[in-house]
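Architecture at a glance
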Amino acid sequence: MTSTDAGALAPATTIRKRPIGLLLVAAPVLLVLWLIIWPIISAVIQTLWLPTPDGGRALSVSSYQFFVNDPYSRANLAITLWTTGVCAVLLLLVCLPIALYLRFSNSKIAAYVQGLAIFPMFVPSIILSFAFIRVLGPNGTVDLLLNAVSLPKIKSPYLTPWGPVIGLVWDNIPLTVLILLSGLGNVSNQAIEAARDVGAGRIALLWHIILPRLSNSILVAISFAVLGIFSSFTLPYILGPAAPEMMGPFMQRTFRDLFDPTNAITQAVITFGFCIVFGLFYVRSVAKNRTP
């Protein structure tokens with residue numbers, strides 16, 4: 001067989017193998033369409049195709065108009081955006097130094113630091129909430145210790161907007177550290193040593209060598225954190241104030257206590273609209289890495 005014949009057969013072989021690959025991914029793709037894509041489409045339809053007084057249905061945006069015109073709904077969305085933004089910034093400030101230390105440290109202490117950083121992953125949110133209340137809540141451990149040394153009590157962050165911030169930051173540290181640590185694997189020791197040889201200091205190394213190679217991982221870590229924080233329920237429900245409340249507790253209370261599924265679904269669609277922006281950042285990042 002000549003090389004020309006072999007070249008002609010190669011595309012045919014590729015075509016024969018392609019259906020097998022498609023069949024392998026068919027089941028998870030269909031599952032995603034059934035459990036995720038279809039509920040999203042159905043929710044959007046339910047919030048736009050509303051019942052009319054005469055018993056029929058008509059296209060309407062009244063549920064979205066109510067959300068936009070309702071001060072309480074806007075306040076809940078604002079506190080959710082504020083909490084998400086503050087948590088994202090704090091996570092980056094806390095986790096980036098930890099990841100840098102774990103990547104470039106050769107000491108035995110690094111193993112214990114990594115264990116402590118990963119530990120919150122194995123603590124359920126409800127247990128974390130109870131521990132938060134017992135430590136930082138009114139008459140908690142911190143108050144008792146301050147009272148023992150004749151110092152005034154602190155103002156507890158429990159049932160304030162800072163309560164969910166502390167809990168959500170603690171809860172998202174493990175995943176953020178792991179993603180950043182994985183990204184730091186792209187920074188070679190040879191590049192660091194070469195930069196040091198030409199006189200680069202620590203700030204120059206961080207800004208010109210490390211961060212450019214870590215920017216994609218930072219974007220992925222922040223995207224995951226924002227998606228989890230924006231739709232969180234347990235920690236904001238237990239640790240946060242009664243009003244304003246984050247979108248997770250707000251949706252649950254609208255559906256269960258007010259028996260208003262249409263507005264609850266509207267709140268869910270609006271929440272999804274904000275989350276999909278960060279989801280697109282993640283998808284773009286993954287697609288960019290796979291581009292040859």
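Residues take numbers from 1 onward in each chain, read along the sequence in its written order. Local features in a predicted model are, by the rule used here, given only for residues with pLDDT of at least 70; side-chain atom pairs are given and counted only at 80 or more, and totals for whole chains, interfaces and linings are based on all residues. With hydrogens and water excluded, all non-hydrogen atoms of the structure serve as input to the side-chain values.

The subject of this paragraph is the overall build of the protein. What counts as a helix is a DSSP run of H or I of at least four residues, what counts as a strand is a run of E of at least two, and both are numbered from the N terminus. Helix and strand content of the protein: 12 helices and two strands. Starting at the N terminus, the α and β elements of the protein follow one another as α-β-β-α-α-α-α-α-α-α-α-α-α-α. Taken over the C-alpha trace, the protein has a radius of gyration of 25 Å; the compact-globule value for 292 residues is 19 Å, which it surpasses by more than 25%. Overall, the C-alpha framework of the protein stretches about 85 × 70 × 30 Å when taken along its three principal axes. Per-residue burial over the protein gives 33% buried out of 292 residues. To get the radius of gyration, use the C-alpha atoms; to get the globule rule, take the number of residues to the power 0.38 and multiply by 2.2 Å. Three exposure classes are used, based on accessible area relative to the maximum for each residue type with a 1.4 Å probe and protein chains only: buried under 20%, partly exposed in between, and exposed over 50%.

Okay, the nonpolar core next. Ranked by internal contacts, the top residues of the largest apolar core, which has 41 residues, are Leu91, Leu180, Leu184, Ile209 and Ile210. Of all the secondary-structure elements, those providing two or more residues to this core are α3 (71-104), α4 (109-118), α5 (125-136), α7 (162-184), α8 (189-197), α9 (202-230) and α10 (234-239). Per element, the largest residue contribution to this core is 11 residues, and it comes from α9. Residue contacts are defined here by distance: any two heavy atoms, one from each residue, within 4.5 Å place the two residues in contact. Among all residues touching Leu184, those that are not within four sequence positions of it are Ala99, Leu100, Arg103, Ile210 and Leu214. If you look at the next biggest cluster of nonpolar residues, it comprises 11 residues, including Phe67, Phe250, Val269 and Cys275. Remark: nonpolar core denotes a set of buried residues (Ala, Val, Leu, Ile, Met, Phe, Trp, Tyr, Cys) joined through side-chain atoms within 4.5 Å.

Another aspect to go through is the packing of aromatic side chains. Between the rings of Phe, Tyr and Trp (Trp by its six-membered ring), a pair exists once the centres lie within 6.5 Å; its type follows the angle of the planes, with under 30 degrees stacked, over 60 edge-to-face, and the other angles tilted. Inspection of every chain in the model, using the stated rule, returns four aromatic pairs. When the ring of Trp82 is compared with that of Trp162, the centres are 5.1 Å apart and the planes differ by 85°; the resulting orientation is edge-to-face. Linking Trp82 in helix α3 with Trp162 in helix α7, this pair joins segments that are 80 residues apart in sequence. With relative accessibility at 43%, the residue Trp162 sits in the partly exposed group. Between Phe230 and Phe274, the ring centres sit 5.8 Å apart and the planes meet at 20°, which makes this aromatic pair stacked. With a gap of 44 residues between them, Phe230 in helix α9 and Phe274 in helix α12 (residues 261-290) connect regions that are remote in the sequence.

Between side chains of opposite charge, a pair can form when the charged atoms approach closely. By salt bridge we mean one thing: a side-chain nitrogen of Lys or Arg within 4 Å of a carboxyl oxygen of Asp or Glu. As enumerated under the stated definition, the model contains two salt bridges in all. The salt bridge partner of Glu245 is Arg253, with a shortest N-O separation of 2.8 Å. We classify Glu245 as buried; its relative accessible area is 10%. Residue Arg256 is joined to Asp257 by a salt bridge in which the shortest nitrogen-to-oxygen separation is 3.1 Å. Of the residues examined, Arg256 reaches a relative accessible area of 43% and is grouped as partly exposed. Relative accessible area serves as the criterion here: at 39%, Asp257 is assigned to the partly exposed category.

Across the protein, pLDDT averages 84, with 91% of residues at or above 70. Note on scores: pLDDT gives the predictor's confidence for each residue, bounded by 0 and 100. Segment residues 6-10: pLDDT under 50, and two contacts once partners within four positions in sequence are set aside and those in other chains are kept.

With that settled, the discussion passes to the packing of α5 against α7. Here, axes are lines fitted to C-alpha atoms. For helices the fit covers the stretch in contact, and angles between N-to-C directions go from 0 to 180 degrees. Interhelical geometry of α5 versus α7 gives an angle of 130° and a closest axis separation of 11 Å. In terms of their interaxial angle, α5 and α7 are classed as oblique. Here α5 runs over α7; the crossing is right-handed. Along the contact surface, α5 presents Ser125, Leu128, Phe132 and Leu136, while α7 presents Gly163, Ile166, Gly167, Trp170 and Asp171. Throughout, the ten residues Ala, Val, Leu, Ile, Met, Phe, Trp, Tyr, Cys and Pro are labelled nonpolar, Asp, Glu, Lys and Arg are labelled charged, and all others, Gly among them, are labelled polar. Across the contact of α5 with α7, the residue classes break down as five nonpolar, three polar and one charged. Roughly parallel means an angle under 35 degrees; roughly antiparallel, over 145; roughly perpendicular, 65 to 115; everything else is oblique. Crossings are assigned a handedness: left-handed for a near helix turned anticlockwise from the far helix by less than a right angle, right-handed for a clockwise turn.

Direction vectors running N to C along α8 and α9 enclose 140°, while the axes themselves pass 11 Å from each other. Our classification of the angle between α8 and α9 gives oblique. Taken as a pair, α8 and α9 cross one another with a handedness that is right-handed. For the pair α8 and α9, contact is made by Ala191, Ile192, Ala195 and Arg196 and by Leu205, Ile209 and Ile210, respectively. Considering only residue class, the contact of α8 with α9 consists of six nonpolar, no polar and one charged.

A cis amide bond links Ala243 to the next residue, Pro244, at an omega of -10°. Turning to its location among the elements, Pro244 is positioned in the loop between α10 and α11 (247-256). Positive phi values are uncommon outside glycine, yet Leu159 reaches one of about 65°. Tracing the sequence through the fold places Leu159 in the loop between α6 (141-148) and α7.

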